[in-house]
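# Structural description and commentary
Letter by letter, the chains look like this.
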Amino acid sequence: QVHFVESGGGLVQPGGSLTLSCVVTGNIFSIYSMGWSRQAPGKQREMVAHIGSSGSSIVADSVKDRFSVSRDGGSNTVNLQMNNLKPEDTALYYCYTNLIPEGSRRIDEYWGQGTQVTVSS
């Protein structure tokens, strides 16, 4: 099994900052990539940031001047630093990972339960 602990969400005023963290644990052979997606009410889920095992990362154009992603491979942790938050950033933020579980030869994708970010004055 794969377990997620997502933290850092909450209510913040426009212009504020939050850091989301996600720790992945369980019966894991190897983690290849990690990242964050978000889903706002009534909208489709969209990728926010993705980081590979080498540290190379992609951040969505819509937020790349305000958000950054980092990863601690030793602790299977991925962080999303969000600055200058805007009301349109309000969404449920999901952590995900692509990994090979122990005893498997296949890379599978796993998703956390999400952490709510609300940007409002």
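The preceding data block contains the structure.
Here is a short report on the structure shown in this document. From a predicted model like this one, the values you see are computed outputs, not experimental measurements. (Residues numbered from 1 in each chain as written. Predicted model: local features only at pLDDT ≥ 70, side-chain atom pairs only at ≥ 80, totals over all residues. Heavy atoms only, no water.)

## As for the packing of aromatic side chains
This model, assessed by the stated rule, comprises two aromatic pairs. Here the aromatic rings of Y96 and W111 are separated by 5.1 Å at their centres, their planes lie at 35 degrees, and the arrangement is tilted. Linking Y96 in strand β9 (residues 91-101) with W111 in strand β10 (residues 108-111), this pair joins segments that are 15 residues apart in sequence. Of the residues examined, Y96 reaches a relative accessible area of 5% and is grouped as buried. Put simply, the rings of Y94, Y96 and W111 touch in pairs and so form one group of aromatic residues. (Phe/Tyr/Trp six-rings, centres within 6.5 Å; stacked < 30°, edge-to-face > 60°. Helix = DSSP H or I, 4+ residues; strand = E, 2+ residues; numbered from the N terminus. Buried < 20%, exposed > 50% of the residue type's maximum accessible area, 1.4 Å probe, protein only.)

## Some words on the side chain of S33
Position of S33 relative to the elements: it lies in strand β4 (residues 28-39). Its relative accessible area of 9% is what places S33 among the buried residues. Here the side chain of S33 touches N98 through a polar contact of 2.9 Å, side chain to side chain. Discounting chain neighbours no more than four positions away, the residues touching S33 are H50, I51, G52, R71, Y96, T97 and N98. (Polar contact = N/O pair within 3.5 Å; in protein donor to acceptor, adjacent residues only side chain to side chain. Contact = heavy atoms within 4.5 Å.)

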